[in-house]
Amino acid sequence: MSPLVQLAAEEAENPLIPPIPELVIGLIAFVIVFGFLAWKLLPNINKVLEQRREAIEGGIEKAEAAQTEAQSVLEQYKAQLAEARHEAARLRQEAQEQGAELITEMRAEGQRQREEIIAAGHAQIEADRKAASAALRQDVGTLATELAGKLVGESLEDHARQSRVIDRFLDELDEKAEATR
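So, here is what we can say about the structure in this document. Numbering of residues starts from 1 in every chain and runs along the sequence as written. Under the rules for a predicted model, residues below a pLDDT of 70 receive no local features and side-chain atom pairs below 80 are neither given nor counted, while totals for whole chains, interfaces and linings still include all residues. With hydrogens and water excluded, all non-hydrogen atoms of the structure serve as input to the side-chain values.

1. A short note on the overall build of the chain
Piece 1. Helix and strand labels come from DSSP, where a helix needs a run of H or I of at least four residues and a strand needs a run of E of at least two; each type is numbered from the N terminus. The number of helices and strands found in the chain is 3 helices and 0 strands.
Piece 2. For the chain, the α and β elements follow one another from N to C terminus as α-α-α.
Piece 3. Here's how the labels work: a residue is buried when its accessible area is under 20% of the maximum for its type, exposed when over 50%, partly exposed in between, all with a 1.4 Å probe on protein chains only. Within the chain, the proportion of its 181 residues that are buried is 4%.

2. Examining the pattern of salt bridges
Piece 1. Within this document, salt bridges are pairs made up of a side-chain nitrogen of Lys or Arg and a carboxyl oxygen of Asp or Glu, the two lying within 4 Å of each other. Across all of its chains, the model carries 8 salt bridges by this definition.
Piece 2. Salt-bridge contacts for Arg 114 lead to Glu 115; the nearest nitrogen and oxygen are separated by 3.4 Å.
Piece 3. On the accessibility criterion, Arg 114 (42% relative accessible area) is partly exposed.
Piece 4. Owing to a relative accessible area of 39%, Glu 115 belongs among the partly exposed residues under this scheme.

3. Quick notes on the packing of aromatic side chains
Piece 1. Each pair of aromatic rings taken from Phe, Tyr and Trp, with Trp reduced to its six-membered ring, is defined by centres within 6.5 Å and is described as stacked if the planes are under 30 degrees apart, edge-to-face if over 60, and tilted in the remaining cases. Under the criterion given, the structure shown has 2 aromatic pairs.
Piece 2. Between Phe 30 and Phe 34, the ring centres sit 6.1 Å apart and the planes meet at 20 degrees, which makes this aromatic pair stacked. Of the two residues, Phe 30 and Phe 34 both sit in helix α2 (residues 20–152), 4 residues apart, roughly one turn of that helix.
Piece 3. Any Lys NZ or Arg CZ found within 6 Å of a ring centre and within 35 degrees of that ring's normal is scored as a charge over the ring. Taking NZ or CZ as reference, Lys 40 lies 5.1 Å from the ring centre of Trp 39, over its face.

4. Observations concerning a nonpolar patch on the surface
Piece 1. A cluster of nonpolar side chains, namely Val 33, Phe 36, Leu 37, Trp 39, Leu 41, Leu 42, Ile 45 and Leu 49, defines an oily patch on the protein surface of about 790 Å² accessible area.
Piece 2. Looking at the secondary structure, you find Leu 42 in helix α2.
Piece 3. Among the residues examined, Leu 42 registers a relative accessible area of 41% and is labelled partly exposed. Here the term patch refers to residues with relative accessible area over 30% and no salt bridge, with like charges joined within 9 Å and nonpolar side chains (Val, Leu, Ile, Met, Phe, Trp, Tyr) within 5 Å. Reported accessibility uses the Shrake-Rupley method at a 1.4 Å probe radius. Residues are deemed covered only where the shown protein chains occlude them.

Dropping the structure here:
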C-alpha cells in the first residue's frame, strides 16, 4: 500500500472523532443523566446552599449584633472607668486636704502643749527659786544671827528680833545685787 492510501484510510478511521451512532447514544445518555441530576440532585444542592447562605448571613448578623453590644458595653466600661478615676482623684484630694488640716491641728496642739510645758517649767523653776530663796534666807539668817550674837556678845534668840535682823540684812544684799546689775 502506498503511503497515500494508507493516510486516506487512517483519516477515515480517526480515533478522535467517534462514529455518529456512538455520538448520538452518548449524547442521549448525557441528557438523561443530566436531567436526572437536575431533577433529583439540584434541588437538594440548592436547598443546602440556601441553608448555608442563611446560616452565614445569620452568623454575620449575630456577629454584627454581638459587636454592637460589645461596643456599647465597652463604652459603658470606659464611662465607668472614667467616673471611677474621677472619684479616686476626688477622694485623693479630700484625703490630702484632711491630711493637711490634721497636720495643722497637730502642730497647733503641739504648740499649745509646748507652751503649757514651758509655762509649767517656768512655774516650777519660779517655785524652786522661791523655795531655795526661802531656805537660803533661813540658813543665812540662822548663820547671821549666830555670827551677830557672837560679835555682839549677847544672844539673839528672840525670833521677832531675829527675823527683823535677817530681813534687813537680806534686803541690803538684794539692793546691792540689783545695783550691780
